[in-house]
Structures are given as C-alpha cells and as structure tokens.
Amino acid sequence: MTETIHPFYESHRGAMEAAMRHRLDLAETILRERAHLSDIDGIRREVMDEFDIVITQLPYVGGAENRMSHFFMRLIGFLAIGRVLRRHAVPLPVIGDIGRETLKAQMLTMSEAERLALGHQFLSPENLAMVREQAAQSTTENHQEEFPADFVYEFVEPGPGDSFDFGINYKACGFCKFAAQHGDKEILPSICGLDFDDYATRGIHLERTQTLAQGASHCNFRFTRQRRMIDQKR
C-alpha cells in the first residue's frame, strides 16, 4: 500500500524539501571531513529518498493551530539524515555534530537582525500567552485522544529566586513517540542536541539538565534572554 502524506504537510512539502536541500549543501564539508564520506551526491539522493519516507510518517497534531507542528516540520528531516548516516556506519556522536553544525550554519545564513527578531518574538508577551494556552490544552484528555502523537507540556513561571524568563516542562515528547514507533531511538539524541544552538542563534540562552530521551520524567527547558539581546532592545 502506498503511504500518503497528510494534506497539511503536503501543502508545506515544497518548503520542507528546499530546507532539506539547503541543509545538505551546508553539510557537504563536514560530511567529508567528519563522516569521511566521499560520494556526497549519493548521500544527498539517499537522504531525500529517506525524507520522502519520513514525511509520510509525520504525525498530524493539529496543523497551523498547534505550535508543535512547526517543530515537527522544521526538525524531522534531521532524522532522515541520521537514518542514512547510520546505514553508512557514521558514529552517533558524529551524527549529532553534523546535525548541530548544519542547523547552526542554516540559521546563520539569516542576518543577525532577522535572527534576533525571531528571539524577541519568541519571548514576547503575545507568544508567551499562546504557549501558556497551548500548554494547558496539551494536557487535556480530549487533546491527547485526538492527537496521541503530540507533545504534552506545562508552562513554568519563574519564581522569586529564578533568573530565567520562562520555562517549559515537556512531560511527553512527540519526537520520542515518533522514534519509538519507527525505530529511531538510537539517533533521537541528535534531535535533542539541536535545541541549544537553535535558540542561541536567536539570542536566547537555553538551560536544560534532563530529557525524556535520557529516561527523565520530563525535559526541563528554561529560557533566558541573552544580555546582548537585552542591550540591543534598549
């Protein structure tokens, strides 16, 4: 039976594929130097073929109405890269390095002003209100029944002794569920490792000391506006 793509992801497929090709362009040097791969064109074809499989496996969690849809669409392709590199016997730590360096390089193709604007938006009162609302919704029985593959999380307000702007405790991870279902647990940490550089390039410091993928009860994300970002806003 031919696998199908959910219409929501089909409508974004062109942009997702373009982002994948861009990542592979940026990864060429590190694939040669760190993964010791020579047939880069062959690797590109394998990754894009694997991406065609991954996108059919991508769970629908509410589309544009759910902020986590963006996380799935933006990062799930790194699992396609990881699957191919594992088939070529690339060590797991190297796969993690390739993912982080590639994502960072992709973010740095944007201007600093654009990246910092994304950081300001992420920490804006409007976005925090939306995160609070969707966090509360994610924990409801109705939402979990309708979208069982989704993340479940709670918004964390900073207390009197805290220095972070806000936090999120992820009680269930969509990527962990995906990895368990499709045999990607081995390369799952390469997805977790993307978060630090991803936020740092937007002027946000992320502190996280545990993850569900490591066996913890939750992932404890704590976000803080970087000093330089605060100074530029004044």
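Structure report, in brief. (Residues numbered from 1 in each chain as written. Predicted model: local features only at pLDDT ≥ 70, side-chain atom pairs only at ≥ 80, totals over all residues. Heavy atoms only, no water.)

A few words on the overall build of the protein. Each helix and strand in the protein was counted, giving 13 helices and 4 strands. The C-alpha radius of gyration of the protein comes to 18 Å, within 12% of the 17 Å expected for a compact globule of 234 residues. Over its C-alpha atoms, taken along the principal directions, the protein stretches across nearly 55 × 45 × 35 Å. Here the protein holds 234 residues, and the buried ones make up 50% of them. Pairs at least 24 residues apart make up 65% of the contacts formed inside the protein by residues separated by at least 6 positions. (Helix = DSSP H or I, 4+ residues; strand = E, 2+ residues; numbered from the N terminus. Rg over C-alpha atoms; globule rule 2.2 N^0.38 Å. Buried < 20%, exposed > 50% of the residue type's maximum accessible area, 1.4 Å probe, protein only. Contact = heavy atoms within 4.5 Å.)

On to the nonpolar core. Side chains of nonpolar character tend, in soluble globular proteins, to be buried together. Ranked by size, the top nonpolar core spans 64 residues in total, and within it Leu31, Phe175 and Phe223 carry the most contacts. The biggest single contributor to this core is helix H3 (residues 40–57), with 7 residues. If we skip the residues at most four places from it in the chain, Phe223 touches Phe122, Leu123, Phe164, Asp165, Phe166, Ile168, Tyr199, Ile204, His205 and Leu206. (Core = buried A, V, L, I, M, F, W, Y, C linked by side-chain atoms within 4.5 Å.)

Our next topic: helix H7 (residues 112–122). Listed as buried for H7 are Arg115, Leu116, Gly119 and Phe122. End-on view of H7: buried residues confined to an arc of 110°, all on one side of the axis. (Arc of directions from axis to C-beta.)

For the rest of this paragraph, the subject is the packing of aromatic side chains. In the structure shown here, the tally under the stated rule is 16 aromatic pairs. Three or more aromatic residues joined by ring pairs make a cluster, and in this case those are Phe72, Phe122, Phe151, Tyr153, Phe155, Phe166, Tyr170, Phe175, Tyr199, Phe221 and Phe223. Its end group placed over the ring of Phe122, Arg202 keeps NZ or CZ at 6.0 Å from the ring centre. The cationic tip of Arg222 hangs over the ring face of Phe164; the distance from NZ or CZ to the ring centre is 5.4 Å. (Phe/Tyr/Trp six-rings, centres within 6.5 Å; stacked < 30°, edge-to-face > 60°. Lys NZ or Arg CZ within 6 Å of the ring centre and 35° of its normal.)

One way to see where empty space is left: roll a probe the size of a water molecule over the atoms. In this structure, the largest pocket spans a volume of roughly 690 Å³. Along the walls of the largest pocket sit 29 residues, with His70, Phe71, Arg74, Leu118 and Arg202 positioned nearest its centre. Of all elements in the fold, only helix H2 (13–33), helix H4 (67–75), helix H6 (92–107), H7, helix H8 (125–138) and helix H12 (195–200) reach the threshold of two or more residues within the lining of the largest pocket. The residue makeup of the lining of the largest pocket, split by class, is 14 nonpolar, 10 polar and 5 charged. (1 Å grid on protein atoms, 1.4 Å probe; cavity = no way out; pocket = protein on both sides within 12 Å on 5 of 7 lines; lining within 4 Å. Points joined across faces, edges and corners; volume = space filled by probe spheres on them. Nonpolar A, V, L, I, M, F, W, Y, C, P; charged D, E, K, R; others polar.)

Moving on, we get to the pattern of salt bridges. Pairs may arise between side chains of opposite charge once their charged atoms sit close together. As enumerated under the stated definition, the model contains 18 salt bridges in all. Ionic pairing is found between Arg44 and Asp41, a salt bridge with its closest N-O pair at 3.7 Å. Linking Arg44 with Asp41, this pair stays in helix H3, spanning 3 residues, or about one helical turn. A single salt-bridge network, built from bridges that share partners, covers Asp25, Glu28, Arg32, Asp41 and Arg44. (Salt bridge = Lys/Arg side-chain N within 4 Å of Asp/Glu carboxyl O.)

Taking 1.5 Å as the rise per residue, H2 with 21 residues should run 30 Å; its terminal C-alpha atoms sit 30 Å apart, in good agreement. The largest bend in H2 amounts to roughly 50° and is located at Ala27. All of the buried residues along H2 are Met16, Glu17, Met20, Arg23, Leu24, Ala27, Ile30 and Leu31. On the buried face of H2, the contacting elements are helix H1 (7–11), H3, H4, helix H5 (77–87) and H6. (Expected span 1.5 Å × (residues − 1). Bend = angle between axes of the 7 residues up to and from the residue.)

The next thing to look at is the environment of Gly215. Examined against the element boundaries, Gly215 turns out to sit in the loop between strand S3 (204–207) and strand S4 (219–225). Its relative accessible area of 63% is what places Gly215 among the exposed residues.

Let us look at the side chain of Arg208. With respect to the helices, strands and loops of the structure, Arg208 is situated in the loop between S3 and S4. Accessibility expressed as a relative area gives 14% for Arg208, which makes it buried. Polar side-chain contacts of Arg208 include one of 3.0 Å to the backbone oxygen of Cys192. Each residue touching Arg208, except ones within four places of it in the same chain, is listed here: Cys192, Gly193, Asp195, Phe196, Asn220 and Phe221. (Polar contact = N/O pair within 3.5 Å; in protein donor to acceptor, adjacent residues only side chain to side chain.)

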